[in-house]
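# Descriptive structure summary
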Amino acid sequence: MNTANEAEIREQTTQRLEKAMGTFGTAALTSMEEQLPWFRRMPADQRSWIGLVAQAGIAAFVEWFKSNERSRPAIAGEVFGTAPRELLRSIKLQHTIDMIRVIIDVVETRLDELAAPGGEAQLREAILRYTRDVAFGAAQVYARAAETRAAWDARLEALVVNAVLRDEVDDGMHSWAAALGWTSKPVTVIAGFTPEDEEPEVTIDQMQLAARRARADVLAGVQGHRVVVIVGGDTDPMEAARPIAAKCGPGPVVVGPQVSDLYESTSSARAAVAGLRAAAGWPDAPRPVLATELLPERALDGDDEARRYLVDSVYNPMLAAGAPLLDTLTTYLEQGSSLEATARLLFVHPNTVRYRLRRVAELTGLAPTDGRNAFTLRIALVLGRFHARAARTTG
């Protein structure tokens, strides 16, 4: 076929396409109603928008074919630009591909009617090239939307984490979390350091992937060299922390106490961050480590909450149990944890010392015979005495 004949056939085909163009959109919608269950379930206004998208795509194809395919069609602008942005949230990329397939089928079933005699192959090839470009254009539109959404989600996530750290947990912050799909309860906050020479976005992505594998939800934020992770879900805090700790950089990873919901997460965050700061005082701490296991270091580092806890929950219960208990514990610790030396100094039987030490463990949850617990008890005794002195002074 010579060039003149090709041009003549193309012109005749173009005229047929222009005449039939008005019926394509209706035919495409009818076929989608028949073949696509998800389309039938959509509200009428969204189906109407899809009809406009289909009509725009057909009109763009006719114009492209008419220009002898000399320019690449502006797929995103001419086809997908017709619909409102909200439609992208309702229609998945796979649904868009289904729509393209249905429209192709509609056109191909009328190929003999639309193409001028001898132009069937020419029209079929043009349809294939055009629909390929539409498919690529759709992928680009969804990719850009996904990138925009991901960037927006990252900003919201950082805002939520910052609000928790600043104790600004209000309904506005909950709205941000809800926009991210956060509904998890209870909540634990974990603090660690970022990996060296790794972008913050990569760190957060790795932690989110690890959390999903552990069936937990996370919101993470990087602040300088520190990463703070809010973990949601009914799971053991230490179990949830282990896969996240594996993605942190060198150094301690501290797990705050589990709290009921996001409103209470500030207390967990304070404990985790204070523990991270004080963990330098315990170089051999396990990784991850509970913030409550760092109470003595936190107290020495100036953490008022840790000091209050050691006074209220460790010292005061022993004080209420009577002076002999405090005297026994003090003597035992000063005598290097020797039962015999303690018994001699207090003029009691060693079994009495054993009984009193067991009583300390029952009241505080800390066994004086354990080296680490003994250190915590010693700090609690000092802080309790400071507190008693302050009370006498003010009284």
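This text goes with the structure placed above it.
The shown structure was predicted, so the numbers you read here are calculated from the model rather than taken from an experiment. (Residues numbered from 1 in each chain as written. Predicted model: local features only at pLDDT ≥ 70, side-chain atom pairs only at ≥ 80, totals over all residues. Heavy atoms only, no water.)

### Examining the pattern of salt bridges
Between side chains of opposite charge, a pair can form as their charged atoms come close. So the rule is basically this: Between Lys or Arg on one side and Asp or Glu on the other, a salt bridge is scored when a side-chain nitrogen of the former is within 4 Å of a carboxyl oxygen of the latter. Here's how the labels work: a residue is buried when its accessible area is under 20% of the maximum for its type, exposed when over 50%, partly exposed in between, all with a 1.4 Å probe on protein chains only. Only runs of H or I of at least four residues qualify as helices and only runs of E of at least two qualify as strands under DSSP, and these elements are numbered from the N terminus.
Per the counting criterion, the structure on display carries ten salt bridges. Residue Arg166 is joined to Glu168 by a salt bridge in which the shortest nitrogen-to-oxygen separation is 3.1 Å. Overall, Arg166 belongs to the partly exposed group, its relative accessible area being 48%. With a relative accessible area of 39%, Glu168 lands in the partly exposed category. For Asp301, the salt bridge is made with Arg277, and the minimal N-O distance between the two is 3.1 Å. One end of the pair, Asp301, is in the loop between helix 13 (295-300) and helix 14 (304-321); the other, Arg277, is in helix 12 (residues 265-278), with 24 residues separating them in the sequence. Accessibility expressed as a relative area gives 38% for Asp301, which makes it partly exposed. Ionic contacts of the salt-bridge type, sharing partners, join the residues Asp167, Arg270 and Glu305 into one network.

### Overview of a negative patch on the surface
Quick note on the threshold: Each patch groups residues whose relative accessible area exceeds 30% and which form no salt bridge, using 9 Å between like charges and 5 Å between nonpolar side chains of Val, Leu, Ile, Met, Phe, Trp and Tyr. For accessible areas, the Shrake-Rupley method is used with a probe of radius 1.4 Å. Any residue's cover is judged against the shown protein chains and nothing else. Counting rule applied: Lys, Arg positive; Asp, Glu negative; His and chain ends not counted. A charged residue contributes its charge at one atom only: NZ of Lys, CZ of Arg, CG of Asp or CD of Glu.
Taken together, the side chains of Glu198, Glu199, Glu201 and Asp205 present a region of like negative charge at the surface. Secondary-structure assignment places Asp205 in helix 10 (residues 200-213). Using a relative accessible area of 47% as the deciding quantity, one classes Asp205 as partly exposed.

### Remarks on the side chain of Ser31
Worth spelling out the cut-off: Note on definitions: a residue-residue contact is assigned when non-hydrogen atoms from the two residues lie within 4.5 Å.
Mapping Ser31 onto the fold places it in helix 1 (residues 3-35). Apart from residues no more than four positions distant in its own chain, Ser31 is found in contact with Val102 and Val106.

### A look at unusual backbone geometry
Excluding glycine, a negative phi dihedral is what most residues carry, and trans is how most peptide bonds are arranged. Between Arg287 and the following residue, Pro288, the backbone shows a cis peptide bond with an omega angle of 0°. Relative to the helices and strands, Pro288 is located in the loop between helix 12 and strand 5 (289-290). Its identity is not glycine, yet Asp167 carries a phi of approximately 60°, on the positive side. Residues other than glycine seldom take positive phi values, yet Phe347 does so here, at roughly 60°.

### Some details on the packing of helix 15 (residues 323-334) against helix 17 (residues 350-364)
How we decide: Note on method: axes are straight lines fitted to C-alpha atoms, helices fitted across the in-contact stretch only, with angles between N-to-C directions ranging 0 to 180 degrees. By the definition adopted for this analysis, an angle is roughly parallel if under 35 degrees, roughly antiparallel if over 145, roughly perpendicular if from 65 to 115, and oblique otherwise. Only Asp, Glu, Lys and Arg are considered charged in this grouping, and only Ala, Val, Leu, Ile, Met, Phe, Trp, Tyr, Cys and Pro are considered nonpolar; every other residue, Gly among them, is considered polar.
One can describe the packing of helix 15 onto helix 17 by two numbers: an axis separation of 10 Å at closest approach and a directional angle of 105°. When the axis of helix 15 is compared with that of helix 17, the two are roughly perpendicular. For the pair helix 15 and helix 17, the contacting residues are Pro324, Leu325, Thr328, Leu329 and Tyr332 in the first and Val353, Arg356, Leu357, Arg359, Val360 and Leu363 in the second. For the contact of helix 15 with helix 17, the residue count by class is eight nonpolar, one polar and two charged.

### Description of the packing of aromatic side chains
Given two aromatic rings, one states the distance between the centres and the angle between the planes to describe the pair. Definition in use: Classification of ring pairs uses Phe, Tyr and Trp, with its six-membered ring standing for Trp, and accepts pairs whose centres are within 6.5 Å; under 30 degrees between planes counts as stacked, over 60 as edge-to-face, and the remaining range as tilted. Two conditions define a charge sitting above a ring: the NZ of Lys or the CZ of Arg must be within 6 Å of the ring centre, and it must be within 35 degrees of the ring normal.
This model, assessed by the stated rule, comprises one aromatic pair. Relative to Phe39, the ring of Trp38 lies with its centre 6.1 Å away and its plane at 90°, an arrangement referred to as edge-to-face. In terms of burial, Trp38 and Phe39 fall into one category: buried. Seen from the ring of Phe65, Arg10 lies directly overhead, with NZ or CZ sitting 4.4 Å from the centre. In this structure, Arg372 packs its charged tip against the face of Trp282, placed 3.6 Å from the ring centre.

### Focus: the packing of helix 14 against helix 15
Packed helix pairs are characterised by how far apart their axes lie and by the angle those axes make with each other. Contact geometry of helix 14 with helix 15 gives a least axis separation of 5 Å together with a crossing angle of 125°. With respect to their mutual orientation, helix 14 and helix 15 come out oblique. Taken together, the residues of helix 15 that come into contact with helix 14 (itself represented by Tyr315, Met318, Leu319 and Ala321) are Leu325, Leu326 and Leu329. Grouping the constituent residues of the contact of helix 14 with helix 15 by class yields seven nonpolar, no polar and no charged.

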